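Structural characterization, general
So the chains spell out like this:
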Amino acid sequence: HRWIVKRGDLAMLVLTFIATLSFGIKIGILSGVSASMCLLVFRAIRPHTVILGRLPGTTTYRNVVNFPDAVVTDGIVAIRIDAEFFYGNVMHLKETLIAVVDSAEVPVHSIVIDATSVNQLDSSADTALHELHERFQRVGVEVFFAGTKGPVREVWERSGFNTRVGEDHFFIEVHDAMKAAKLRDSAQGI
């Protein structure tokens, strides 16, 4: 069952079992707990990120890997980050966002960040987002946000990030952010 459902759980079970048989119950349980904690930390510092595309005939955006018929818009990257932003994953997130923009086949003029999965934001992440925004501005890439939650918006209000980016760059739905990005591109003749 674990092999089919979640192989990482099976690996933890096998590790704990072997350690228990080899070194005793205390070391076995300690090994299992330690391995689980390491896996938890690894997942936290390297969160799941996906490129989003619009499902045909809808205003719904989903992972293009899981939904191959999802339509992406040239020049605009929609991305969802499935974790809170904190000091432990901030470098990975910066590198991921920069790599997505730099490696696009068509020059990117706008990036839409779906923040519906972001529940918290610490000061390190806020600082990193300020830096990312400045970097993207220098190269002509607009940044839009969708689905930001109250605790995240509160941090941005205190740091001035929402004012710096512009209140007109924050939306409830990804589709609305995408429409704003398209309007921005068409207004600039892109």
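The structure this text deals with has already been given above.
So, here's what we can say about the structure. (Residues numbered from 1 in each chain as written. Predicted model: local features only at pLDDT ≥ 70, side-chain atom pairs only at ≥ 80, totals over all residues. Heavy atoms only, no water.)

**Things to note about the sheet that holds strand β4 (residues 110–114)**
- As summarised here, the arrangement of the six strands in space is β2-β1-β3-β4-β5-β6, forming an open sheet in which the pairing is mixed. Where the open sheet ends on each side, the last strands, each with one partner, are β2 (61–63) and β6 (170–171).
- Note that strand β5 (residues 142–146) and β6 share two bridges and pair parallel. Each residue of the ladder has a partner; that of Phe145, found in β6, is Phe170. (Pairing = 2+ DSSP bridges. Helix = DSSP H or I, 4+ residues; strand = E, 2+ residues; numbered from the N terminus.)

**Observations regarding a negative patch on the surface**
- A cluster of acidic side chains, namely Glu154, Glu157, Glu167 and Asp168, defines a negative patch on the protein surface.
- With respect to the helices and strands, the residue Asp168 is situated in the loop between α7 (161–165) and β6. (Patch = residues over 30% accessible without salt bridge, like charges linked within 9 Å, V, L, I, M, F, W, Y side chains within 5 Å. Areas by Shrake-Rupley, 256 points an atom, 1.4 Å probe, with all protein chains shown as cover. Salt bridge = Lys/Arg side-chain N within 4 Å of Asp/Glu carboxyl O. Lys, Arg positive; Asp, Glu negative; His and termini not counted. Charge placed at Lys NZ, Arg CZ, Asp CG, Glu CD.)

**Examining the packing of aromatic side chains**
- Evaluation of the coordinates by the stated rule reveals seven aromatic pairs.
- On the numbers, 5.6 Å between centres and 55° between planes, the contact of Trp156 with Phe170 is tilted. Of the two residues, Trp156 is situated in helix α6 (residues 150–159) and Phe170 in strand β6; the sequence distance between them amounts to 14 residues. Across the pair, exposure class does not vary: Trp156 and Phe170 are buried alike.
- The aromatic ring of Trp3 is capped on one face by Arg7, whose charged end is 4.1 Å from the ring centroid. (Phe/Tyr/Trp six-rings, centres within 6.5 Å; stacked < 30°, edge-to-face > 60°. Buried < 20%, exposed > 50% of the residue type's maximum accessible area, 1.4 Å probe, protein only. Lys NZ or Arg CZ within 6 Å of the ring centre and 35° of its normal.)

**Comments concerning the nonpolar core**
- Phe85, Leu97, Ile111, Ile113, Leu121, Phe136 and Trp156 are the most contacted members of the largest nonpolar core, which has 30 residues in total.
- Of all the elements in the fold, those that place two or more residues in this core are β3 (76–81), α4 (90–102), β4, α5 (123–138), β5, α6 and α7.
- Tallying contributions element by element places α4 first for this core, with six residues.
- Residues Tyr61, Ile76, Ala177 and Ala180 belong to the second largest nonpolar core, which totals 13 residues. (Core = buried A, V, L, I, M, F, W, Y, C linked by side-chain atoms within 4.5 Å.)

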